[in-house]
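Coordinate analysis (summary)
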Amino acid sequence: MSLVMEIAVGLAVGSHIATWGMYKDSPHEGFTIRKYVRSIIVGVCLAPLGAAVAGIEATSASGLVVLFGLTYALERAVTEFWKTFVRDEDQSKYFIPMQFHVMGRVVRSRGTRLGVGLGLIGVAVLLLRGAQALQPAPGDAGSFMTLVFVASIGGWYSAFGGAFKDAPIEGFETLKFFRSPVVAVIYGLLLSSLTGSYPLIALGSIGFTVATLETYKTFFFPTIPRGKFAGKPIHFPDVLAWRGRFVPLYVMIWMCVVASFVAAYAALPGA
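The rules behind each value
- Residues numbered from 1 in each chain as written.
- Predicted model: local features only at pLDDT ≥ 70, side-chain atom pairs only at ≥ 80, totals over all residues.
- Heavy atoms only, no water.
- Phe/Tyr/Trp six-rings, centres within 6.5 Å; stacked < 30°, edge-to-face > 60°.
- Lys NZ or Arg CZ within 6 Å of the ring centre and 35° of its normal.
- Helix = DSSP H or I, 4+ residues; strand = E, 2+ residues; numbered from the N terminus.
- Buried < 20%, exposed > 50% of the residue type's maximum accessible area, 1.4 Å probe, protein only.
- Patch = residues over 30% accessible without salt bridge, like charges linked within 9 Å, V, L, I, M, F, W, Y side chains within 5 Å.
- Areas by Shrake-Rupley, 256 points an atom, 1.4 Å probe, with all protein chains shown as cover.
- Salt bridge = Lys/Arg side-chain N within 4 Å of Asp/Glu carboxyl O.
- Core = buried A, V, L, I, M, F, W, Y, C linked by side-chain atoms within 4.5 Å.
- Contact = heavy atoms within 4.5 Å.
- Polar contact = N/O pair within 3.5 Å; in protein donor to acceptor, adjacent residues only side chain to side chain.

Time to look at the packing of aromatic side chains. In total, this model carries 23 aromatic pairs according to the counting rule given. Here Tyr216 and Phe220 contribute two aromatic rings whose centre-to-centre distance is 5.7 Å and whose plane-to-plane angle is 40°, an arrangement assigned as tilted. Plain terms: the ring middles of Trp242 and Phe246 are 6.1 Å apart, the flat faces sit at 50° to each other, and that makes the pair tilted. Grouping aromatic residues by their ring pairs yields a cluster made of Phe68, Tyr72, Tyr187, Phe208 and Phe261. Sitting over the ring of Tyr23, Arg243 keeps its end group 3.9 Å from the ring centre.

With that out of the way, let us pick up unusual backbone geometry. The phi dihedral of Met103 is positive, around 55°, even though this residue is not glycine. Topologically, Met103 is positioned in the loop between strand 1 (101-102) and strand 2 (105-106). Under the relative-accessibility criterion, Met103 is labelled exposed at 62%.

The subject of this paragraph is a nonpolar patch on the surface. A contiguous nonpolar patch, built from Leu120, Val123, Leu127 and Tyr157 and spanning about 290 Å² of accessible area, is present on the exposed surface. Residue contributions to the nonpolar patch peak at 3 residues, all from helix 4 (residues 110-133). Mapping Tyr157 onto the fold places it in helix 5 (residues 144-170). Here Tyr157 falls in the partly exposed class, since its relative accessible area comes to 35%.

Now for the nonpolar core. Judged by nonpolar contacts, the single largest core of 31 residues is most densely connected at Phe68, Tyr72 and Phe208. Elements with a contribution of two residues or more to this core: helix 1 (2-29), helix 3 (61-86), helix 6 (174-191), helix 7 (198-219) and helix 9 (247-266). Here this core gets 8 residues from one element, more than from any other, and that element is helix 3. Sequence-distant contacts of Phe68, defined by excluding residues within four places in its chain, comprise Val9, Ala12, Val13, Phe208, Ile253 and Val257. Residues Ala131, Ala151, Ile153 and Tyr198 belong to the second largest nonpolar core, which totals 8 residues.

This next bit is on the side chain of Lys228. Position of Lys228 relative to the elements: it lies in the loop between helix 7 and helix 8 (239-242). Lys228 sits in the buried class, given a relative accessible area of 10%. Side-chain polar atoms of Lys228 contact the side chain of Asp25, separated by 3.1 Å. Once you skip the residues sitting within four places of it in the chain, Lys228 turns out to touch Asp25, Tyr94, Phe95, Ile96 and Met98.

Among the secondary structure elements, Leu268 is positioned in the segment after helix 9. You can call Leu268 partly exposed: its relative accessible area is 24%. Each C-alpha atom of the pair Leu268 and Val66 lies 14 Å from the other, and the pair is 202 residues apart in sequence. If we ignore the near neighbours within four places in the chain, the residues touching Leu268 are Ser193 and Leu194.

Right, dumping it as structure tokens:
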């Protein structure tokens, strides 16, 4: 049963990511089943792996919530690493290049890109090890400010990475820079009641942060193209007519996530 629930979480995470990605990108680059199911396959593979490594029990509501956030973070890390540092693709269709670039100039050498990418993975590992080192001893609640710092780690990582990639082309936006760390702290505080693991709080909080901010940017401003397609023409206008059919699935996933949060908190001692 645990494996079934882990696969279900992977399906939910992958479908969630695939849907907001399709909704914003397909009008510009077209819709393909292969691209839509990519995140679903990655999510299904990573959820059981993440649960096994982190020791998450996916048969409880709290376990489902934590695993959803963790899987979301892992899927985004794997997919973005592939697109940024490994894949070779024509970048002319983008306003902001998706491959690793410096001040808008794409780095053509795959070896150089891989070196940078592996270096960034090393930084992420060090940050998670730092979070683990701050883990309070059993029975010790730890300090509130330490928890806030740990919860914000993924948000700062995302904010600095996004600023390096986007700011030289579209300009630096202060509110945009601080948005991810602030949202990550909120989710980290929520997750801290469901898991005592600081690395899981750090990863889960950024996972939920990405899910929330992408929902906000995609469905609250559906007519505004994503930054990477800013000013680019819509080559597939027919997508605009049917992409809304995927929205009920997206809403249903969010409803399941919220219900799991509610059930997890209801099951806490003293609730």
